[in-house]
Amino acid sequence: MHILAFLIRRLFQAVIVMLIISIIGFSIQDQLGDPLRELVGQSVSEAEREALRDRMGLNDPFWTQYLRFLGNALGGDLGTSYFFKKPALEVILAKFPATFELVLGATFLFVSASIPGGIYCAIRPRAWLARFIMAGSIIGLSIPIFLTAIFLIWIFAVELGVMPSFGRGETVTLPWGWRTGFLTRDGLLHLVLPSISLAAIMLPLFIRLIRAEMIETLSTEYVRFAWAKGLAARRVWFVHAFRNTLLPVVTVGGLQIGTLIAYTILTETVFQWPGMGFMFLEAVKRVDTPLIIAYIIVVGMIFVIVNTIVDLVYTLINPMVKLPGAQG
Amino acid sequence: MLSARAFSRRFLGDPVAVGAFVIVVAVGAMVLSAPWLAPQNPYDPLQIDLMDAEMPPSWMPGGDPRFLLGTDEQGRGVMSTIMYGTGISLLIGFGAVVVQSFIGISLGLIAGYRGGWIDAFLMRLADIQLSISTLMLAIIAMAVFSAAFGPETYRDLAIFMLIVVIGIAEWPRFARTVRASVLAEKKKEYVDAARVIGLSPGTIMRRHILPNTMTPVLVISTIQVAEAIVTEAALSFLGLGMPVQQPSLGALIRSGFEVIFSGSWWITLFPALMLMLLILSINLLGDFLRDTLNPKLRRGED
Amino acid sequence: MALLEVRGLEVAFPQGPRDEALALRGVDLDLDPGERLGVVGESGAGKSMLAFAILNLISEPGRIRAGSIRFDGRNLLTLPPAEIRNIRGNRIAMIFQDPMMTLNPVLTIGRQMVETLQAHRRIGWAEARKLSIERLGQVAIPTPESRFDSYPHELSGGLRQRVVIAIALLTDPEIIIADEPTTALDVTIQAEIMALILRLCRDHRVGLILITHDLGVVAEVTERLMIMYAGKVVEEGSTRQLIEHPGHPYTRGLLAALPQRVARGQTLNQIPGTMPGIADLPAGCAYHPRCERAIAGCHINIPVLEAHGSRRISCFRPLLAGAEA
């Protein structure tokens, strides 16, 4: 029952955040150029323009226009891209699988490397390998993601010629319209360098985070008690210490989703990866306002959904949140 | 608190910190002396010759002794563009941190001292802003500005906009730290004493609380300069930052990347090395300051 | 021979790059089967350090520099890790100070009990559960079956300490080390928990090392006392003897500070000054700056623990006043 109440509260918060994002999106649209410019040529007189404005409701008060925008948005209509001459939402959603698969590939890489790395550095802080990893992590943090990407392209695509340098390669369209690169060798090959670039910047961040939280947990009384109970080292580390390390790591890690999305823009630009971020920059260059707004709203939505999921996961792994006000 | 002598002994005993400091100072000296030392003024069209475009570094076949690190696709010496470009990167980095710290310290003081709903509101705002991430906010803000102003106006305003946008996007880090120290200081007796003798809240904050928050502020400022430089470089690399005519390190890397497939690696590599060296040195210096001045964090880290 | 025999135990912590400071400076301890020993001293005297050292659980950067810990004839300091783990929590169990911090917040009480059993015995879940619930009943926890599936935060501090005691008892240990087991609890619950520990140790003939700063607590529970000051034992003997006729000025100081020994209206006699930290011990007897009986020699030489009849005192001017038989 508690979990349902929690979900409802969280959903309510999500709606408010989305409303705020939509207001920001609409205000930007309001500032960013005149839709008439795209619709009519220079030959139309000022009087005709004014009449057209009236007819399109462009002279209505801000809030009236906003409500119309919101109504359309709820119906899935975020305007029509000037460049593609197609609904903006459709254009973005077609690009979504590419970005999603890139993030998935990178997440797989950095999660599977940072957990053992962070735990190792916490339980053997004085080992030379741990010192090496920690020194490497500060160097890793100091290399901007686009440089990692450029270096990877330069070495593996330009100099060695063993890896493709741009694009998604061969893709397969699944029945529900999702274009995936996971199912072909070529598609997977194209995914390697972009995923490594994106993972390379998140990896040192997560290794340091997991290490710091794990060291903190290892010094708690309940971990000392676990040792005193005569438990095997593996059980103390992984059941007692790591489970408690997960709580803060999930929270702080969840906060990185915004950073991760920003980094996809950089990675996609370097690799000309046909995802949402690459499309967004193109839209900015073309001043394709509906597409810019659609991107902001879709990214805002992803952000809200991921944060809700992170909160939910946190609730599921932390017994103290699950049962608020239980008898004590 | 550490005495100046203990601090300098720690510092001199840490070769990494000394090395990082020397590099930062050397880069600073290079930037300040660029107008006299740089072989060329990359902003002066009269000194640029398109015939010199894309020449490799001077030690390679086809290199020209005038251009030690080669030239870019416009015929500008890479050495000179780096000397000037680093200056722009540093200027934006420091400028943004000045803006951040001003907004962050003010709001942090208010939140910590006043408490109540102002505090709750500001900290919630800080949480949200941090979770969206600086880079994301900056990319969207700069994208909207560049779309709204058009390329001409945008070019003239870029440096100012970058400082303001990165400054506004990162205030929460300062605000949180300052607020935490204010809450710690507020409990202490001398603040009560100051209130009892009738000093105004503004005076108490300025004279008594603010000085005590300076150590953590110094520590974050250092790391934030590196952060701001990276953010600026990323924006410029995306074409949302400094224009090619007045390039920062990020803009130089962007223009180099466009020709990397033709084999002109030096246009990208040298500014990239400069950027990494600068950021790494500032980060190492920041780590040293944090470990030395903030024993609480030190214990958590080691 | 005693069940547990500690000799010349030294625990060191690094001070700066080269130096080390001693938290324990050559401690001896003996415990017979079923015997109840109190270890008393102010905080920082090294009592908890002694407890953790016995289980070889000194955490970095500290280390055991010298000495031996013989349990049942074997030196715990030279045993391979697998064998020491077989003694830890199995034959020597420990009760920690603060029950709010001792139990892992994300695991049910049941899991924390069963894992202890399974670490030391080949035992299935159902049987381990049955035994755990039985122990929960023995420490007087109401409705033990439902508590088995509770999380620690659903229990009060007093109940949690009972759970910790139940965990310590799970494997029928020969020794229980209790490190200030009641300090963190409400005053009303302290006596209950202490009585529980005493009853269980007596009934099951479990040896007890009770670590506390409160002489009042040990007087009712233990048979023998060890008084510690700045990493050293300053006096050792039967509880009754030490309380009625303290031999070391420090023991007398501790007794004089007890509220129940001071008549109404009289002021409490706190020992002046504070105990020195391990890094800045004075020369000579570590207690001399606070000692009202100190003479010139106390500033120079370190006294050793010497037998005075059935007890041992480390003092140049012990208070023997003819009370010694």
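Just so we're clear, the structure is a prediction, and the values are computed from it rather than from any experiment. (Residues numbered from 1 in each chain as written. Chains lettered and ligands numbered in written order. Predicted model: local features only at pLDDT ≥ 70, side-chain atom pairs only at ≥ 80, totals over all residues. Heavy atoms only, no water.)

## Side note on the overall build of chain C
Line of reasoning, step 1. In terms of helices and strands, chain C carries eleven helices and twelve strands.
Line of reasoning, step 2. Considering only C-alpha atoms, chain C reaches an extent of 65 × 50 × 40 Å along its principal axes.
Line of reasoning, step 3. Buried positions account for 55% of the 325 residues belonging to chain C.
Line of reasoning, step 4. Partitioning the intrachain contacts of chain C with sequence separation of at least 6 by distance along the chain shows that 63% fall at a separation of at least 24.
Line of reasoning, step 5. Taken as a whole, chain C presents about 13900 Å² of accessible surface, with 51% of it coming from carbon and sulfur.
Line of reasoning, step 6. Distance between charge centres in chain C, computed from 35 positive and 36 negative side chains, equals 1 Å. (Helix = DSSP H or I, 4+ residues; strand = E, 2+ residues; numbered from the N terminus. Buried < 20%, exposed > 50% of the residue type's maximum accessible area, 1.4 Å probe, protein only. Contact = heavy atoms within 4.5 Å. Areas by Shrake-Rupley, 256 points an atom, 1.4 Å probe, with all protein chains shown as cover. Lys, Arg positive; Asp, Glu negative; His and termini not counted. Charge placed at Lys NZ, Arg CZ, Asp CG, Glu CD.)

## Side note on the overall build of chain A
Line of reasoning, step 1. Secondary structure summary: chain A contains 14 helices and two strands in total.
Line of reasoning, step 2. Overall, chain A is about 85 × 65 × 40 Å in size when its C-alpha atoms are taken along their principal axes.
Line of reasoning, step 3. The contacts in chain A between residues at least 6 apart in sequence include a share of 69% that link residues at least 24 apart.
Line of reasoning, step 4. Roughly 15700 Å² of accessible area belongs to chain A as shown, and the carbon and sulfur atoms make up 68% of that amount.

## Some thoughts on the packing of aromatic side chains
Line of reasoning, step 1. Summed over all chains, the structure comprises 27 aromatic pairs over all chains.
Line of reasoning, step 2. Plain terms: the ring middles of Phe-96 of chain A and Trp-178 of chain A are 5.9 Å apart, the flat faces sit at 90° to each other, and that makes the pair edge-to-face. Of this pair, Phe-96 of chain A sits in helix α5 (residues 88–123) while Trp-178 of chain A sits in the loop between β1 (172–173) and β2 (179–180), and the two are 82 residues apart along the sequence.
Line of reasoning, step 3. Classification of Phe-96 of chain A as partly exposed rests on a relative accessible area of 23%.
Line of reasoning, step 4. Through a chain of ring-to-ring contacts, three or more aromatic side chains come together here, namely Phe-26, Phe-62, Trp-63, Tyr-66 and Phe-69 of chain A.
Line of reasoning, step 5. The ring centre of Phe-52 of chain C lies 3.6 Å from the NZ or CZ of Arg-224 of chain A, which sits over that ring.
Line of reasoning, step 6. In this structure, Arg-286 of chain A packs its charged tip against the face of Phe-83 of chain A, placed 3.6 Å from the ring centre. (Phe/Tyr/Trp six-rings, centres within 6.5 Å; stacked < 30°, edge-to-face > 60°. Lys NZ or Arg CZ within 6 Å of the ring centre and 35° of its normal.)

## Let's talk about unusual backbone geometry
Line of reasoning, step 1. Of note, Val-287 of chain A is a non-glycine position whose phi angle comes to about 50°, a positive value.
Line of reasoning, step 2. Structurally, Val-287 of chain A is set in the loop between α12 (276–285) and α13 (289–317).
Line of reasoning, step 3. A positive phi angle, close to 65°, is found at Ala-140 of chain C, a residue other than glycine.
Line of reasoning, step 4. Inspection of the secondary structure assignment puts Ala-140 of chain C in the loop between α5 (125–138) and α6 (144–148).

## Some points on the pairing of strand β9 (residues 224–229) of chain C
Residue and element names in this part refer to chain C.
Line of reasoning, step 1. Within β9, six of the six residues are buried, which leaves it mostly tucked inside the rest of the structure.
Line of reasoning, step 2. Residues Arg-224, Met-226 and Met-228 of β9 are buried on one face, and the alternating residues Leu-225, Ile-227 and Tyr-229, pointing to the opposite face, are buried as well.
Line of reasoning, step 3. Where strand β3 (residues 36–40) meets β9, four bridges bridge the pair, whose relative direction is parallel. Among the inter-strand pairings, Val-40 is bridged to a residue of β9, identified as Ile-227.
Line of reasoning, step 4. The pairing of β9 with strand β10 (residues 232–238) spans six bridges and is antiparallel. Looking across to β10, one finds that Leu-225 is bridged to Gly-237.
Line of reasoning, step 5. Adjacent in sequence and paired antiparallel, β9 and β10 are bridged by two residues, among which Ala-230 carries a positive phi angle near 50°. (Pairing = 2+ DSSP bridges.)

## So, the interface of chain C and chain A
Line of reasoning, step 1. Contact residues are listed per partner, giving 30 residues for chain C and 24 residues for chain A.
Line of reasoning, step 2. Our count for the chain C to chain A interface comes out at two salt bridges.
Line of reasoning, step 3. Notably, a salt bridge pairs Arg-235 of chain A with Glu-115 of chain C, separated by 2.6 Å at the nearest N-O pair.
Line of reasoning, step 4. Between the two partners, chain C and chain A, sit ten residue pairs in polar contact (both at pLDDT 80 or more).
Line of reasoning, step 5. Put simply, the parts of the chain that give the side of chain C that touches chain A at least two residues each are α3 (99–102), α4 (109–120) and α7 (157–169) of chain C.
Line of reasoning, step 6. Ranked by residues supplied to the side of chain C that touches chain A, first place goes to α4 of chain C with six residues.
Line of reasoning, step 7. Counted by class, the side of chain C that touches chain A contains 15 nonpolar, nine polar and six charged residues. (Salt bridge = Lys/Arg side-chain N within 4 Å of Asp/Glu carboxyl O. Polar contact = N/O pair within 3.5 Å; in protein donor to acceptor, adjacent residues only side chain to side chain. Nonpolar A, V, L, I, M, F, W, Y, C, P; charged D, E, K, R; others polar.)

## Digging into the arrangement of the chains
Line of reasoning, step 1. Of all two pairs of chains in contact, the one with the most contacts involves chains A and B.
Line of reasoning, step 2. Contact between chain B and chain C is absent, and the least distance between their C-alpha atoms amounts to 11 Å.

## A look at the sheet that holds strand β11 (residues 306–308) of chain C
Residue and element names in this part refer to chain C.
Line of reasoning, step 1. Spatially, eight strands are ordered β6-β7-β8-β3-β9-β10-β12-β11 in an open sheet, and the strand pairing comes out mixed. Only two strands of the sheet have a single neighbouring strand rather than two, namely β6 (92–95) and β11. For this sheet, the mean angle separating the axes of adjacent strands, direction not counted, is 20°.
Line of reasoning, step 2. Sheet analysis places β3 next to strand β8 (residues 207–212), joined by five bridges and oriented parallel. Among the inter-strand pairings, Val-40 is bridged to a residue of β8, identified as Thr-212.
Line of reasoning, step 3. This element, α7, spans β6 and β7 (175–179) of the sheet and lies at about 175° to β6. (Axes fitted to C-alpha atoms, helices over the stretch in contact; angles between N-to-C directions.)

## Here we look at the confidence of the model for chain A
Line of reasoning, step 1. On average, residues of chain A score 86 in pLDDT, and 94% of them are at 70 or above.
Line of reasoning, step 2. Contacts for the low-pLDDT stretch residues 322–328 of chain A, under 50 throughout, to residues beyond four places or in other chains number ten contacts. (pLDDT = per-residue confidence, 0-100.)

## Overview of the nonpolar core
Line of reasoning, step 1. With 132 residues, the main nonpolar core has Phe-146, Phe-280 and Tyr-295 of chain A together with Leu-240 of chain B as its most contacted residues.
Line of reasoning, step 2. Per-element tally for this core: the top contributor is helix α6 (residues 134–169) of chain B, with 16 residues. (Core = buried A, V, L, I, M, F, W, Y, C linked by side-chain atoms within 4.5 Å.)

## Considering the pairing of β8 of chain C
A regular strand carries its side chains on alternate faces of the sheet.
All names here are of chain C.
Line of reasoning, step 1. Of all six residues in β8, six are buried; the element is thus mostly enclosed.
Line of reasoning, step 2. Of the two faces of β8, the one carrying Gly-207, Ile-209 and Ile-211 and the one carrying Leu-208, Leu-210 and Thr-212 are both buried.
Line of reasoning, step 3. Where β7 meets β8, five bridges bridge the pair, whose relative direction is parallel. Across the sheet, Asp-179 pairs through a bridge with Ile-211, a residue of β8.
Line of reasoning, step 4. The handedness of the β7 to β8 crossover, carried by helix α8 (residues 187–204), is right-handed. (Right-handed = clockwise from strand over helix to strand, strands pointing away.)

## Examining the confidence of the model for chain C
In low-pLDDT segments, the atomic positions of the prediction should not be examined closely.
Line of reasoning, step 1. Mean pLDDT for chain C: 87, with 95% of residues reaching 70 or above.
Line of reasoning, step 2. On the interface metric, ipTM, the complex scores 0.89, and its pTM is 0.84.

## As for the sheet that holds strand β1 (residues 4–15) of chain C
All names here are of chain C.
Line of reasoning, step 1. The four strands lie next to each other as β2-β1-β4-β5, forming an open sheet whose pairing is antiparallel. On the outer flanks of this sheet lie β2 (19–31) and β5 (74–75), each paired with one strand and no other.
Line of reasoning, step 2. The sheet contact formed by strand β4 (residues 63–71) and β5 spans two bridges and is antiparallel. Residue pairing for β5: Arg-70 is matched across the bridge by Asn-75.
Line of reasoning, step 3. Relative to β1, helix α1 (residues 47–54) is tilted by about 110°, and along the sheet it contacts β1, β2 and β4.

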